Amino acid sequence: MVKTTCPYCGVGCGVLAEVGADGSVSVRGDPNHPANFGRLCSKGSALAETIGLEGRLLHPEIGARGASWDEALDLVAQRFSTVLAEHGPESVAFYVSGQLLTEDYYLANKLMKGFIGTANIDTNSRLCMASSVAGHRRAFGADIVPGTYEDLELADLVVLVGSNLAWCHPVLYQRIVAAKEKRPEMKLVVIDPRRTMTSDIADLHLAIRPDGDVALFAGLLAWLARSGLLDRDFIAAHTSGLEDARAAAEELSPADTAAVTGLTEAELRAFYELFAHTERTVTVFSQGVNQSISGTDKVNAIINCHLATGRIGRPGMGPFSVTGQPNAMGGREVGGLANMLAAHMEIGNGAHRERVQRFWNAPTIAARPGLKAVDMFRAVADGRIKALWIMATNPVDSMPDADRVREAIAACPFVVVSDISAETDTIRHAHVKLPAAGWGEKDGTVTNSERRISRQRPFLDAPGEARPDWWIICEVAKRMGFRAAFAYASAAEIFAEHAALSGFENDGERGFDIGAYGGINEASYEEMEPFQWPVRADEIEVALSPDTPFSAAARRGEMSGRTKGGALRFFADGRFFTADHKARFIAVRPTPQRETDAEFPLILNTGRVRDHWHTMTRTGKSPRLSQHSAEPFVELNPEDAARFGIGDADIVRLASRHGEMLARALLTERQRRGSAFVPMHWTDEFSARARVDALVAPVTDPISGQPASKTMPVRAERFAARMFGFAVLRAKPGLIDADYWGLARCRGGWRLELAWAAEHEDWQVFARSLLGNEPTADLLAYHDAANGRHRFVSITCGRLAGALYLARAPLAVFRNWLVEQLADDQAHSRLALLAGRPGKGQADHGAIVCSCFGVGASQIAAAVGDGCATVEAIGATLQAGTNCGSCCAEINTIIAANRLAAAE
């Protein structure tokens, strides 16, 4: 059994992984890890399904041919060195990822900023948490998350702003649910334009107008001031700038605030009174705050309210940024952003630059901030960047204005991509492909949203010629002439240097300090338990003897980054990291909101679904994770859909001034009128035209440089499909001849949704092409040409090999039953398969609600009919909702709907 850490979101859950005698892998939550105490979400629970070698990049490649590591590394070093010699350091760039481990991140930044001599290294974390970093630095003088996960359970009020915690950080959501069950008086407020599944346990849901958050919290500050509810003693002793912030906030009247936020004055008053009269309040914010042209101001508007009431640094209170990626926080620690230096030092600070250069014994140091992500790819497009190295990320799909980013990468003179996948939309444009080790193979650390550092440990051998990212970086650096500075033998050596730098000449001016680990050895590193920073060298002694890797207290799990006072929270003493040690109120004003017009009448919001992650290079391998959301979709309010002539399950064309896409219509009252929601996950590997970031403009917050991915004006129109199709297939199809398609893995093979603007001349030919032409296969066919209905079933040795169903309207075949038949090795009723519905004595489970146990909506509805009236009763009967709990809100919805139907 190996203790490691989940590679998905910033919760940083502990995982126990075990390899069986037959090579099979099993995973479960680590009951002793303080982030999750054994809980895992649906994605974490399915990790063992995502580590197969299908689609892995296993060997270095140059162009379309295989190459040895020496040949590939020599070429990378030679081309980067030549570009540097001919065009200078500003002509090269790295684009890295929150999927990297801290040790990888540290070396990429060391190479670029201290040895190549430019800060042109940015990360996909720019897309998710840069505004939080900027807001923290403006208010606190440093990028510090003050609180801990425990605060979410101790709070009497939790305010979730722009965070669908139930789906995006499910384990934290379940911790709040459990706390609320123990203390029903605990309150939850959700501030989100959509009524997400998180909202279903909320005491108050504020369906705010997109980008109305600055006005909402500025209005709260003004209301607190008018009501005499400011903590004057805390403000006087520990802050500055209140009067300017208050004056800016009071420029909006209550009526103005209601107009900007789209809320009623009664809704505003209810929230303001709840916040004002609940001391133990935590405000959690995520991408709905950060991904905005006013993201930094939103963060500071929230922090202002906590400073104004003195609610920071104490149990159960404070502003709390939750990060999207597993190591976004680790990236911040090593200076992963283009405007930062390692160990939370600043590029703009000459003393910091000199200190880092001296510590690294580097020939140079970046003298100014580098290009942030959007500007970096603009520089690639216009030729300023001539050599680009992309590590562990997929910008062709995830960057705004994604079509232009694809064109820029395709035109760049030299592109290196190191990744685990051979099939991403980005890697196909690489001149050199470098196979990286993946989760389960890598060795290093990650830092979660509460500043807790945990180990990722290997339990599998790296396949083929895959190598750790840190090793790849070192080998290139050595070949560029920097051998002595990159002669590391292990991840432990790199972590020790990273830790030592954090404490180097750090007299408390920097919050990030893990100097106690600066001399850590291999044995200590292997045994290292999760801990929170800071852990200063003069506060906790780490035993470095190989015989006693840690003290007895560390072995008991007590080594948790306590300061001298024993606190796990920052700012309890009222001291901040500004020059005068006072926190800063920031005067913020609502920025002009991105308006719709007659041509683009909807605001597009992008985000995540429950069971998928980023661009599905990992979760797309899991059959159970594709059950809940098997194709790209767009959520629309039914009134908007009717206005645009769109019906439920129609194919929708969404367009902006930058691009367009196709997705399935999902009509729901949960969506605010005037808005549309589309998940960010689908790529050209899994769909025809569903890269939603092709629609998003490359506009950014002027302070943080973070793109505004949630407020894009778009139009929606019904795609005039003449034919719809659904197929199940044992083998992954090649080129799919359809205007729209969405492909998902399922148990036993693949499921495929299809649509065409015009009918094929011969559907029989298409069916044979899609289903295969095995000589031993029997192809059954049914045709109703007059009504445009065609069905094809391929049988091999009595087993279903594949099936295709076609009709002129969205199909009503029993999809999940058909998927189950594909996975069944038994002989099937040919007539039932041709009909596409269960035969006598068989049942369809319906659309999957609980991915962990494969429980469908029809099963839940049947259980409700048999008397199960609560989520707990459904769990006892079907297991649904008893693992990660992410589906509990949907189960409640089904229970309520069936009760209503019975009452009618």
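Anything mentioned here points back to the structure above.
As a starting point, this report considers the structure included with it.

Rules used in this analysis
Residues numbered from 1 in each chain as written. Predicted model: local features only at pLDDT ≥ 70, side-chain atom pairs only at ≥ 80, totals over all residues. Heavy atoms only, no water. Helix = DSSP H or I, 4+ residues; strand = E, 2+ residues; numbered from the N terminus. Rg over C-alpha atoms; globule rule 2.2 N^0.38 Å. Buried < 20%, exposed > 50% of the residue type's maximum accessible area, 1.4 Å probe, protein only. Contact = heavy atoms within 4.5 Å. Areas by Shrake-Rupley, 256 points an atom, 1.4 Å probe, with all protein chains shown as cover. Lys, Arg positive; Asp, Glu negative; His and termini not counted. Charge placed at Lys NZ, Arg CZ, Asp CG, Glu CD. Pairing = 2+ DSSP bridges. Axes fitted to C-alpha atoms, helices over the stretch in contact; angles between N-to-C directions. Arc of directions from axis to C-beta. Polar contact = N/O pair within 3.5 Å; in protein donor to acceptor, adjacent residues only side chain to side chain. Core = buried A, V, L, I, M, F, W, Y, C linked by side-chain atoms within 4.5 Å. Disulfide = S-S within 2.5 Å. Salt bridge = Lys/Arg side-chain N within 4 Å of Asp/Glu carboxyl O. Parallel < 35°, antiparallel > 145°, perpendicular 65-115°, else oblique. Left-handed = near helix turned anticlockwise from the far one by under 90°. Nonpolar A, V, L, I, M, F, W, Y, C, P; charged D, E, K, R; others polar.

1. Here we look at the overall build of the chain
When you go through the chain residue by residue, the secondary structure sums to 30 helices and 34 strands. On C-alpha atoms alone, the chain measures out to a radius of gyration of 27 Å, which is about the 29 Å that the 2.2 N^0.38 rule sets for 904 residues. On the principal axes, the C-alpha backbone points of the chain span a range of 80 × 70 × 55 Å. Every one of the 904 residues in the chain was classed for burial, and the buried ones make up 62%. Within the chain, contacts between residues at least 6 apart in sequence are counted, and of these 71% link residues at least 24 apart. Surface accessibility of the chain: about 30,900 Å² in total, with carbon and sulfur atoms responsible for 50%. Seen as two clouds, the 95 positive and the 108 negative side-chain charges of the chain have centres 1 Å apart.

2. With respect to the sheet that holds strand β24 (residues 660-667)
An order of β21-β25-β22-β24-β23-β26 is seen for the six strands of this closed barrel, with the pairing classed as mixed. Looking at each pair of strands side by side, their axes are set apart by 45° on average, direction ignored. Note that strand β21 (residues 602-607) and strand β25 (residues 675-679) share five bridges and pair parallel. Looking at the pairing, T606 lines up with V678 of β25.

3. Quick notes on helix α16 (residues 350-360)
One turn of an α-helix holds 3.6 residues; hence residues three or four places apart share an orientation. Among the residues of α16, those classed as buried are H352, R355, V356 and W360. Buried residues of α16, seen end-on, are gathered within an arc of 120° and therefore sit on one face of the element. Of the surrounding elements, those touching the buried residues of α16 are α3 (102-116) and α21 (491-503). N-capping of α16 is provided by N349, with a side-chain oxygen placed 2.9 Å from the backbone N of A351. Backbone geometry just after α16 places N361 at a positive phi near 50°.

4. As for the nonpolar core
Side chains of nonpolar character tend, in soluble globular proteins, to be buried together. In this structure, F94 and F271 are the most contacted members of the largest nonpolar core, which totals 125 residues. Looking at this core, the element that brings in the most residues is helix α8 (residues 213-226), giving ten residues. Grouped together as the second largest cluster of nonpolar side chains are 46 residues, A641, M661, L695 and F766 included.

5. Section: the state of the cysteines
Using the criterion set out here, one finds zero disulfides in the structure. No disulfide involves C41; its sulfur sits 5.9 Å from that of C6, the nearest cysteine.

6. What to know about the sheet that holds strand β7 (residues 121-123)
Spatial ordering of the open sheet is given by β5-β4-β16-β15-β14-β6-β7, a layout of seven strands whose pairing is mixed. Of all the strands in the sheet, just β5 (65-66) and β7 have a single pairing partner and so form its edges. As paired elements, strand β6 (residues 92-96) and β7 share three bridges and run parallel to each other. Opposite F94, over in β7, you have I121 as the bridge partner.

7. Some remarks on the pattern of salt bridges
Throughout the structure, instances matching the rule amount to 67 salt bridges. Between R624 and E49 there is a salt bridge whose closest N-O contact spans 2.6 Å. Placement of the pair is R624 in the loop between β21 and β22 (633-636) and E49 in the loop between α1 (42-45) and β4 (61-62), with a sequence separation of 575 residues. By relative accessible area, E49 is classed as partly exposed at 30%. The salt bridge involving E660 is made with R653; its shortest N-O contact spans 3.6 Å.

8. Examining the side chain of S42
Mapped onto the elements of the fold, S42 is located in helix α1. A relative accessible area of 2% places S42 in the buried class. Here D611 takes part through its side chain, which lies 2.5 Å from a polar atom of the side chain of S42. Setting aside anything within four residues of it in sequence, one finds S42 in contact with R610, D611, L625, C852 and C884.

9. What about the pairing of β24?
Here β22 runs beside β24; their pairing, made up of four bridges, is parallel. Bridged to L636 within β24 is L667. Sheet analysis places strand β23 (residues 651-655) next to β24, joined by five bridges and oriented antiparallel. Bridge pairing in β24 places L654 opposite M661. If you look at the hairpin formed by β23 and β24, you'll find four residues sitting between the two strands.

10. With respect to the packing of α3 against α21
Packing of α3 against α21 leaves a shortest axis separation of 9 Å and a crossing angle of 65°. Looking at the two axes, α3 sits roughly perpendicular to α21. In the crossing of α3 with α21, the sense of the turn from one axis to the other is left-handed. Residues T102, E103, Y106, L107 and K110 of α3 touch α21, and the partners they reach there are A491, I494, F495, E497, H498 and L501. Of the residues contributing to the contact of α3 with α21, the split by class is six nonpolar, two polar and three charged.

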